[in-house]
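Each chain, letter by letter, is given below.
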Amino acid sequence: MFFRFFPKTFNFFDLFEKQIGHAVEAAAFFKEVAALGYISEDAISKMVTIEHQGDDVAHTIIDRLNKTFITPFDREDIHALAKEIDDITDMINNIMNRLRVYNITVVDKNLVEFSVVIEQSVRAVARAVGGLRNIKNANAIFEACVEVNRLENVGDAMRDRMLSELFATAHDPLSVIKWKDIYQEAETVLDVCEDVAHVVDSIMVKQA
Amino acid sequence: MFFRFFPKTFNFFDLFEKQIGHAVEAAAFFKEVAALGYISEDAISKMVTIEHQGDDVAHTIIDRLNKTFITPFDREDIHALAKEIDDITDMINNIMNRLRVYNITVVDKNLVEFSVVIEQSVRAVARAVGGLRNIKNANAIFEACVEVNRLENVGDAMRDRMLSELFATAHDPLSVIKWKDIYQEAETVLDVCEDVAHVVDSIMVKQA
Amino acid sequence: MFFRFFPKTFNFFDLFEKQIGHAVEAAAFFKEVAALGYISEDAISKMVTIEHQGDDVAHTIIDRLNKTFITPFDREDIHALAKEIDDITDMINNIMNRLRVYNITVVDKNLVEFSVVIEQSVRAVARAVGGLRNIKNANAIFEACVEVNRLENVGDAMRDRMLSELFATAHDPLSVIKWKDIYQEAETVLDVCEDVAHVVDSIMVKQA
């Protein structure tokens, strides 16, 4: 433990693990739904519930941060971490909501492909965030952050390929507008994962 | 007054009230124009004028912040507050500008509906910002922030319903592109109002 | 030199000049490609290389910032400056990538017009950033920042005019979607230049 004087009652580490746990749950559930190939009203409701649970933890972190004088790392890093992890769950929920708004109930193979990469990335983010508890994890954290960056590049290339195909083959402009939004939102989840990795990386460098 | 040693010459409270006053003026004027149902060149010009006035106050606040050593609350909160309030007026002006660019002169009933909720939200933000002057207003500020959050959720649901209808009923793809942008920009005003409420809330928690 | 005790080994000024140099290179190359009127695979590859070089400098700056105790100006300003300059090169590269994704190889006259203004703006940003080394440059820095703001307004008007024309004259909705994205991304480069100018301006005011 590298912050032995840090009071247990304000344990940010436990809260961040809980928060990223909800993000992992959202990503795993999204992969499961995409693999089934069909978006039901029940699935949409369940994702909203997961998102609300993550939201509650984010509010608890910000609230305790505002009331705590001594923090394990820079206040702005704690704030950024809570905010960005919240954005992961938010963005995954946004994809499901967008499918509902666009009345799309059948998932295409591209979204299945994205759901697999998103789950990999969120699990790597969880390893990085979970590692913050002990500076001995520095190597494991660093490797997890590299993996998140790698998957963000994978996601960029996927989105570009999917958009290229969409514009080259689609005949219905409204369908192009819908799927363009969905692929871009899927890629944004990976961007947000990379943002979290950057914050974790910056925390590690400052501790070193 | 809870900052009795704060010099009157750098009165951020007066400046923030002036700035949010321009945002309220923009929201009220937008509601008025939407209710008339017709966007004239004069209305567009008047909105640009309001936006410039708000901009001037934002610059004054940032300028004084940079030159002031002791501030009533955290420097980054003052900066965020000035920036986010500026974004409210900007975004309302953006809707009018977007209508002009898309050559839309007749407002639809959805935009009228949005204009009413936007004005309610900006007025609630004004109550929250105005309350910062005295910590005795804590309850009133808190209630105003809750109202802003509630209206943001209302706006999300409105935008989703409007986009669903738009894609389900529209025949002209260009018209879909235009109104999709406009509904999304209208909803963004409510997002920015919520951002201001978060900054106010965070200032209050730190003072408590 | 206004920070005589600042160790030469962590020379942020040299690094920022190097970083903005890559942004100028990206803007100049984009103007050259646009003037030729044809986007080749080689041109796209070369822009990616420039973007990576800029990225490397940004990482070096953030890394040194995290490891340096005393900095020539506020840590958050250094961080914001590195991040925003990186965004300039990123966004110029994004335009080229977007053209590739949309399978557009022939540049229109609007994009040529934008490329000229973008290069002017990035060169003005470079004057402002380069000036930070010596407080005697305050006037030159201020003039460069005013020029960047002026060009951002020019860009807004250009984008509005181009979008108006696009929607008024285009017959193919997919083509409208593509060019709308491209004009908006071109304008975003000028927004990011303005963001850099704001950071520089804020650094100057604090030194004054």
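**Q** How would you summarise the interface of chain B and chain A if you had to cite specific residues and measurements?
**A** Many authors give the size of an interface as the accessible area that is lost as the parts come together. Facing the 11 residues of chain B at the interface are 10 residues of chain A. Among the elements of the structure, helix H5 (138-169) and helix H6 (173-207) of chain B are those that each provide at least two residues to the side of chain B that touches chain A. With 6 residues, the top contributor of residues to the side of chain B that touches chain A is H6(B). The residue inventory of the side of chain B that touches chain A, partitioned by class, reads 7 nonpolar, 2 polar and 2 charged.

**Q** Any chance you could break down the relation of the copies chain A and chain C for me, citing the residues and the numbers?
**A** The transformation that overlays chain A on chain C combines an axial shift of 0.0 Å with a rotation of 120°, and the residual RMSD is 0.0 Å. With respect to symmetry, the two chain copies, as superposed, fit the operation of a three-fold axis. Closest to the rotation axis within chain A is the C-alpha of A:Pro173, separated from it by 3.7 Å. Taken together, the interface assignments show that only 18% of the residues at the interface of chain A recur at the interface of chain C, consistent with different surfaces on the two copies.

**Q** Before we move on, can you summarise the interface of chain A and chain C with the specific residues and values?
**A** Counting from both sides, the interface comprises 11 residues of chain A and, opposite them, 10 residues of chain C. Sorting the residues of the side of chain A that touches chain C by element identifies helix H5 (138-169) and helix H6 (173-207) of chain A as the ones contributing at least two each. Top contributing element to the side of chain A that touches chain C by residue count: H6(A), with 6 residues. Across the side of chain A that touches chain C, the residue classes break down as 7 nonpolar, 2 polar and 2 charged.

**Q** Explain the confidence of the model for chain A residue by residue, including any values.
**A** Within chain A, residue pLDDT values average 92, and 95% of them lie at 70 or more. Scoring of the predicted complex yields 0.92 for pTM and 0.89 for ipTM.

**Q** So what's going on with the nonpolar core? Residues and values would help.
**A** A general tendency of soluble globular proteins is for nonpolar side chains to be buried together. A:Val125, A:Val200, B:Val125, B:Val200, C:Val125 and C:Val200 are the most contacted members of the largest nonpolar core, which totals 183 residues. If we ignore the near neighbours within four places in the chain, the residues touching B:Val200 are B:Ala128, B:Val129, B:Leu132, B:Ile141 and B:Cys145.

**Q** For helix H2 (residues 41-67) of chain A, give the residues involved together with the corresponding values.
**A** Residue and element names in this part refer to chain A. The terminal C-alpha atoms of H2, which comprises 27 residues, lie 39 Å apart, in line with the 39 Å expected from a rise of 1.5 Å per residue. Burial in H2 covers these residues: Met 47, Ile 50, Glu 51, Gly 54, Val 57, Ala 58, Ile 61 and Leu 65. Where H2 is buried, its residues touch helix H1 (12-36) and helix H3 (75-101).

**Q** A description of the packing of helix H4 (residues 109-131) of chain B against H5(B) should follow, citing residues and the corresponding values.
**A** All names here are of chain B. Running from N to C, H4 and H5 cross one another at 160°; their axes reach a closest spacing of 8 Å. In terms of axis orientation, H4 runs roughly antiparallel to H5. The crossing of H4 and H5 is left-handed. Judged by residue contacts, Asn 110, Glu 113, Phe 114, Val 117, Gln 120, Ser 121, Ala 124, Val 125, Arg 127, Ala 128 and Gly 131 of H4 engage Ala 140, Ile 141, Ala 144, Cys 145, Glu 147, Val 148, Leu 151, Val 154, Gly 155, Met 158 and Met 162 from H5.

What counts and how
- Residues numbered from 1 in each chain as written.
- Chains lettered and ligands numbered in written order.
- Predicted model: local features only at pLDDT ≥ 70, side-chain atom pairs only at ≥ 80, totals over all residues.
- Contact = placed C-beta atoms within 7 Å.
- Helix = DSSP H or I, 4+ residues; strand = E, 2+ residues; numbered from the N terminus.
- Nonpolar A, V, L, I, M, F, W, Y, C, P; charged D, E, K, R; others polar.
- Least-squares fit on C-alpha atoms with pLDDT ≥ 70 in both.
- pLDDT = per-residue confidence, 0-100.
- Core = buried A, V, L, I, M, F, W, Y, C linked by C-beta atoms within 7 Å.
- Buried ≥ 20, exposed ≤ 12 C-beta atoms within 10 Å, placed from the backbone.
- Expected span 1.5 Å × (residues − 1).
- Axes fitted to C-alpha atoms, helices over the stretch in contact; angles between N-to-C directions.
- Parallel < 35°, antiparallel > 145°, perpendicular 65-115°, else oblique.
- Left-handed = near helix turned anticlockwise from the far one by under 90°.

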